[in-house]
Amino acid sequence: MSLNDISIKVADLHSVGSVTALLNEIATRLQRFLATGETVMIDLKGLPFAPAEYEGLRAALGRGEVSARLDTIGDSEAYETQFPGVWWVTHHNVEGDIVADLIEIAAVPAILPSQPEDVRDGLTRLQERLANSK
């Protein structure tokens, strides 16, 4: 018998541990959000996740009732997970590549509320339309 005859099976314990560690971090951040209102974004692209870990996290968080699609420079999607206050936010570039994948702990993802400058521009356009309709 040689080493080549020995069957080796590698258990991916790191995968389970990484997902569990991140879920614990999310729970801690969600508790802090409830206590202080502090929001946080966790950059998933910055984490050394294997594809199975990524899908494990997606399955563990699930999908809740609220979602939004945005058509900006590229498409973006934000959906609340099955845990209210925990959002999965994905931004794509014009080619459709994922440029940001985030877990956001907040009442509403930061990208959804109207920006003050956009509101000012909208008000100007509305006022011009009203002025031209007289």
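Look above for the structure.
What this report covers is the structure whose coordinates are included nearby. Predicted, not measured: the structure shown is a model, and the values here were computed from it.

## Quick word on the sheet that holds strand β2 (residues 67-71)
Sheet architecture is open: five strands sit in the order β1-β5-β4-β3-β2, paired in antiparallel fashion. Sheet topology places β1 (40-43) and β2 at the edges, where each strand pairs with a single neighbour. Mean inter-strand twist for the sheet, computed between neighbouring axes without regard to direction, equals 20 degrees. Summarising the sheet, β2 and strand β3 (residues 75-80) pair through five bridges and their orientation is antiparallel. Its bridge partner lying in β3, R69 is registered against E77.

## Let's talk about the pairing of strand β5 (residues 98-105)
Counting buried positions over the eight residues of β5 gives six, a clear majority of the element. Where β1 meets β5, four bridges bridge the pair, whose relative direction is antiparallel. Paired with M41 across the two strands is E104, which belongs to β5. Bridge count for strand β4 (residues 86-92) against β5 is seven bridges, and the pairing is antiparallel. Each bridged residue has a counterpart across the sheet, and for V89 the counterpart in β5 is L102.

## Remarks on the nonpolar core
With 16 residues, the main nonpolar core has I26, W88, I103 and I105 as its most contacted residues. Elements represented by at least two residues in this core include exactly α1 (13-36), β1, α2 (51-61), β4 and β5. The residues touching I105, leaving out its near neighbours within four places in the chain, are I26, R29, L30, F33, T39, V40, G85 and V86.

## Points about α2
Those residues of α2 that sit buried are E53, Y54, L57 and L61. Mapping the buried residues of α2 onto a view down its axis gives an arc of 105 degrees, with all of them on the same face. For α2, exposure combined with an orientation more than 90 degrees from the buried face picks out P51, A52 and A59. Residue G62 follows α2 closely and has a positive phi angle near 65 degrees.

Rules used throughout
- Residues numbered from 1 in each chain as written.
- Predicted model: local features only at pLDDT ≥ 70, side-chain atom pairs only at ≥ 80, totals over all residues.
- Heavy atoms only, no water.
- Pairing = 2+ DSSP bridges.
- Helix = DSSP H or I, 4+ residues; strand = E, 2+ residues; numbered from the N terminus.
- Axes fitted to C-alpha atoms, helices over the stretch in contact; angles between N-to-C directions.
- Buried < 20%, exposed > 50% of the residue type's maximum accessible area, 1.4 Å probe, protein only.
- Core = buried A, V, L, I, M, F, W, Y, C linked by side-chain atoms within 4.5 Å.
- Contact = heavy atoms within 4.5 Å.
- Arc of directions from axis to C-beta.

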